[in-house]
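Given next are the chains, with one letter for each unit.
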Amino acid sequence: MSLLYHAVNGELMLRIHFTDRDLAKVHVATDPIWDTVLAVHQLSAGGAAAFSAWRRRAAAAVTGTQLVADVRMVRLLAPERAGYFPDFLTPASGRDGMRAGLDELCRTPHRRLAEEITTAFARHHQVPGWIHELADGRADRLDRLALAMGRVHRAVVAPAWSCGMAAVEADRAIRLRALRDRGAAGLLTSLRPLMQWEPPVLETPYPERRDLYLDGRGLCLVPSRFCWRMPVALADPALPQVLVYPAAPAETASDGDLRALAPLLGRTRARVLAALDGAVTTGELAAVLSVSASSASEHVAVLRTAGLAVTRRVDNRVLHSLSPLGRHLLHGG
């Protein structure tokens, strides 16, 4: 039986328990450090078939460079099939950007390093010396790890061909729309079918049976293109809680062909671009532009072909939003 089959039948589930205070503290964020760790998982030969095209390009970017050692370092600390990897690898500041997250990683207290690394390698008979030094809090080893994670991110996560951010931004726009329109309960309900919101508990497939009580701390939801099949949570229940979940692929141009930008010149499509600064349906877009639904759909299709918009189906609705490139064009940053 598959892991997902067991999960659906209630045997392997993560049950996240909310209070009213937790519902007031639910938010959605992106996190490049989580993406980096999970991308390293998908780099392995046993990674999901859905990442095969990305894996070929990523492998080409890594092979024969210092990045081979960088990937090996991250993979050793966070193996793709491990039931546990240290929480310090994915600090909360990662949602403020790669630099902020790596700075926090480098400030990890010695005691926490020792405890989490000891847990991760408890069943290993042989452990490389640099990991012992990392557990001892050696600053140079933490700096080396941060350097490796930063380089891996720039090489295989950040490039346009990784196609990761379009899906993540589209997913985030949908969740924020649900939060705006229907509150935290609507946001949690929008996570179906992967997760089920049965107040006051959010249930999701997970590699083990586990209950997590938020106790007023809230929850940060992090969509990730490299998270596969089921969400990932922190192991330590005392930490600020995060749930990383698979961002479904968005319908978008694969490489954002810049030659397709020419048809975008003109007032109407500039208005379309502005209207997509948040997830909207075709009908809503048509109402804003005072055009027919078919005309609105055509405008979105042109923007999508140019790599400026993404389209996703959620429940029985089709929602359109800006891609990262479209947001950059609209806001200039």
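Residues numbered from 1 in each chain as written. Predicted model: local features only at pLDDT ≥ 70, side-chain atom pairs only at ≥ 80, totals over all residues. Heavy atoms only, no water.

(A) A look at the packing of aromatic side chains. Following the criterion strictly, the structure yields six aromatic pairs and no others. Plain terms: the ring middles of phenylalanine 51 and phenylalanine 226 are 5.8 Å apart, the flat faces sit at 20° to each other, and that makes the pair stacked. Taken together, the residues span a long stretch of sequence, with phenylalanine 51 in the loop between α3 (32-43) and α4 (52-62) and phenylalanine 226 in the loop between β6 (219-224) and β7 (232-233) at a distance of 175 residues. Comparing phenylalanine 51 with phenylalanine 226, the two get one shared label, buried. Grouped by ring-pair contacts, the aromatic residues Phe51, Trp54, Phe226 and Trp228 constitute a single cluster. (Phe/Tyr/Trp six-rings, centres within 6.5 Å; stacked < 30°, edge-to-face > 60°. Helix = DSSP H or I, 4+ residues; strand = E, 2+ residues; numbered from the N terminus. Buried < 20%, exposed > 50% of the residue type's maximum accessible area, 1.4 Å probe, protein only.)

(B) A look at the sheet that holds strand β9 (residues 280-281). With respect to topology, three strands assemble into an open sheet ordered β9-β11-β10, the strand pairing being antiparallel. This sheet does not close on itself; its edge strands, each paired only once, are β9 and β10 (309-314). As paired elements, β10 and strand β11 (residues 317-322) share six bridges and run antiparallel to each other. Residue threonine 311 lies in a different strand from β11, and its bridge partner there is histidine 320. Sheet strands in contact with helix α13 (residues 293-305) are β10 and β11, and its direction is about 120° off that of β10. (Pairing = 2+ DSSP bridges. Contact = heavy atoms within 4.5 Å. Axes fitted to C-alpha atoms, helices over the stretch in contact; angles between N-to-C directions.)

(C) Here's a closer look at the sheet that holds β7. Pairing within the open sheet is mixed, and its four strands lie in the order β2-β6-β8-β7. Two strands bound the open sheet, and with one partner strand each, they are β2 (26-28) and β7. As judged from the three bridges shared by β2 and β6, these two strands associate in the parallel manner. Within β6, the residue paired with histidine 27 across the bridge is cysteine 220. Taken strand by strand, α3 contacts β6, β7 and β8 (242-246), and its axis lies near 50° from that of β8.

(D) Representation of the confidence of the model for the chain in the model. Of all residues in the chain, 89% have pLDDT values of 70 or greater, and the mean over the chain is 86. Of the regions scoring below 50 in pLDDT, residues 1-10 engages in 13 contacts with residues more than four places distant in sequence or in other chains. Counting contacts from residues 252-258, a segment whose pLDDT is below 50, to residues more than four positions away or on other chains yields 16 contacts. (pLDDT = per-residue confidence, 0-100.)

(E) Fine view of the pattern of salt bridges. Here the structure, examined in full by the defined rule, presents 16 salt bridges. We note a salt bridge from aspartate 181 to arginine 180, for which the minimum N-O separation is 2.8 Å. Judged by its relative accessible area of 42%, aspartate 181 is partly exposed. Each of Glu133, Arg138, Asp140 and Arg141 takes part in one network of salt bridges that share partners. (Salt bridge = Lys/Arg side-chain N within 4 Å of Asp/Glu carboxyl O.)

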